Amino acid sequence: MKKYKLNKKQTQKILATVVMGMNVMNTMTPMAMDMKNMADDLSHTVMNNEDKPLEYPTLPTLSNMLDNILFTKAEAAEVSVTTNTEANIDVVEDGTIAQVSGMNNSQTISSMSGGQQIIENGATGIINNMSGGQQAIGHDENVATGLVSNMTGGSQHIMKGSGTVENLQGGTQFVYEKTTGTVGNLQGGTQVILGGTAIVDKLVSGSQEIKNGQGEIKNIDNSATGNIQTITGGTGIISSLNNANITQTVNGGTGKIENLTAGTQAIKNGTGIVNNISGGTQTVTGGNAVISNFISGKQDIQSGQGIIQTIDNSASGVVQEITGGTGTIDTLNNSSVIQQVNGGNGVINNFVSGKQEIQSGKGSIKNIDSSASGVVQKITGGTGTIDTLNNSSVIQQVNGGNGVINNFSAGLQSVTSGGTGTINTMNGGKQEVDNAKGIIGDVYAGSQVVKNGEGTISGFLKEGTQSIDGGTGNIGLLYTNGIQEIKNGTGNIEVVNNGKQIVLDNATGNITTLKNGTQEINGGTEFPKVKDTTSIPRGLLLNRYSRRAG
């Protein structure tokens, strides 16, 4: 024998029914006796008249009367459809449970302001107008189907199967794991996705909240405003965003916008992806951001990481603004486009044309194409780095801050306005220093030109020239065919081992140790200073005094 466990509410209902039954029996017993007497008298009269006995098939019997009274529920009405039928219920209010179960069974409620509709075991439940209460779909964890035509309040819970709200103006649709939820027109209220898949066909107002699973908004009305999709887990998709007043917010999980022409994707955590941007803004304050194809608009990185993979030929202006975090452009191939670094880190992996502007923070260019030309990196503050510069048409412009070239073979580093330019290894090209500071590690070839300020070759100068036309020039070791030419200002060399220092009018040349090579004085008003001449076995001092060491 199957045993059932009753909860408190069920037990109360049973006790109420028993008490009701006892009261009815006490009331109906005298009535039954009176009816029996009436029947006996009537039968006796009929027989005396020798007429046919009357039949009473339509008269209610006492048992039917008792059934109708005992099983008519006076409190919370529980309406249930469990057979292969269709049922219609006009009104469901607080305290009412409407239940439908079984394949091909359906139940339609005209109006619900409270209570519950429970849909189980493959059945279908429909609510025409819902202002309160709950529709529970797949309550027994068997697939079921629920439909609400118009919802202004209450909630639809999709626990197994699928649910649809045709017009959602208030209330909530909850979509649980491995289920499907659809809102035809979202004009208020919320679609909450806790798992499974959910779609909003058209959004006018309201929002979609994605905590797990996947949610998509296909169409957005022009009148819509505010944060329409919030993602804390799972994936949120907006097919097309073309409204400056709309925001997709990513606090976790993944947010995707297929086409962004106006509006904002705000990434605070997780990952935000825009496949095509032709307007609007991707704002990054945390997490990771990706723009696959950039036409117009902006990627604004305040923290976290952002990358632009491809930039269209029609793009122009500042496409990526970095004030914190790291911004990366995979390939920059547009002369009208700028990556602007005002803090954080800016990276360009492959540079063909365009510009990186660094006002503060750090910027770097990894590779520069042979076809590139002009100013590729402009630095007014912070630090800009070029890994390898081997293009005579390319300029790193340092107007403040720090400019660094790790490997320099061709091109120009222009250092002005109190900035500092650093070249780690020079095999060609030119560094120009004007009212600034220039530093080179080792020079195999190339030139450092100091117009004002200070230029230093801290390692050696093997081939090429340090030319000083104002300010100070310093060389650690001058050898082979290296030349320091001082037109104006001061030149200092620690060691000369071959090579030449040329001192012209109004200039000063100093050599600490002259082993081999030449200090040539062409004019000038003072004797050149050589601190250690005893170590010049073959050294030559060419000046108006014609002194030879040794």
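Per chain, residues are indexed from 1 in the order of the written sequence. In keeping with the predicted nature of the model, local features appear solely for residues at pLDDT of at least 70, side-chain atom pairs appear and are counted solely at 80 or more, and the whole-chain, interface and lining totals rest on all residues. To get the side-chain values, take all heavy atoms of the structure and skip hydrogens and water.

**Q** Explanation requested: the confidence of the model for the chain in the structure shown.
**A** It should be kept in mind that the predicted coordinates are not to be read in detail where pLDDT is low. Chain-level pLDDT for the chain is 85 on average; 80% of the residues reach the 70-or-more range. The pLDDT value tells you how sure the predictor is about a given residue, anywhere from 0 up to 100. By definition, residues are in contact when any of their heavy atoms lie within 4.5 Å. For the stretch residues 1-76, pLDDT sits under 50, and the model shows 28 contacts to residues farther than four places along the chain or on other chains. Counting contacts from residues 533-550, a segment whose pLDDT is below 50, to residues more than four positions away or on other chains yields 34 contacts.

**Q** Mind showing me how you'd approach the side chain of glutamine 339 here?
**A** Each helix is a run of DSSP H or I of at least 4 residues and each strand a run of E of at least 2, with the numbering of both proceeding from the N terminus. Mapped onto the elements of the fold, glutamine 339 is located in strand E16 (residues 326-368). Residues adjacent in sequence count toward polar contacts only when both atoms are side-chain atoms; beyond that, a polar contact is any pair of N or O atoms within 3.5 Å, and within protein one must be able to donate a hydrogen and the other to accept it. Of note is the side chain of glutamine 339, whose polar atom sits 2.7 Å from the side chain of glutamine 356.

**Q** Explain the packing of aromatic side chains to me, please; I cannot follow it from the model alone.
**A** Note on aromatic pairs: each is described by the distance of the centres and the angle between the planes. Only the six-membered ring of Trp is used, alongside the rings of Phe and Tyr, when aromatic pairs are assigned; centres must lie within 6.5 Å, and planes under 30 degrees apart are stacked while those over 60 apart are edge-to-face, with the rest tilted. Counted according to the given criterion, the structure contains 3 aromatic pairs. Considering the side-chain rings of tyrosine 444 and phenylalanine 460, the 5.2 Å spacing of their centres and the 85° angle between planes classify their relative orientation as edge-to-face. Taken as a pair, tyrosine 444 in strand E21 (residues 436-450) and phenylalanine 460 in strand E22 (residues 453-461) lie far apart in primary sequence, 16 residues in all. On the basis of relative accessibility, which here comes to 15%, the residue phenylalanine 460 falls in the buried class. For every residue, the accessible area obtained with a 1.4 Å probe (protein chains only) is divided by the maximum for its type, and the residue is called buried under 20%, exposed over 50%, and partly exposed between those limits.

**Q** Please clarify how the nonpolar core should be interpreted in this entry.
**A** Most often, soluble globular proteins have nonpolar side chains that are buried together. For the purposes of this section, nonpolar cores are sets of buried Ala, Val, Leu, Ile, Met, Phe, Trp, Tyr and Cys residues that join through side-chain atoms within 4.5 Å. In terms of nonpolar packing, the biggest core is built from 58 residues, with Ile220, Phe294, Ile311, Phe351 and Ile368 touching the most fellow members. Looking at this core, the element that brings in the most residues is strand E14 (residues 235-311), giving 11 residues. Counting residues in each nonpolar core, the second largest holds 24 residues, with Ile231, Ile301, Val398 and Val433 among its members.

**Q** Which parts of the structure should I look at to understand the environment of serine 364?
**A** Structurally, the position occupied by serine 364 is in strand E16. Measuring from C-alpha to C-alpha, the distance between serine 364 and threonine 385 comes to 4.5 Å, with 21 residues separating the pair along the chain. In this structure serine 364 touches Gly346, Val347, Ile348, Gln356, Gln377 and Thr385, once residues within four positions along its chain are discounted.

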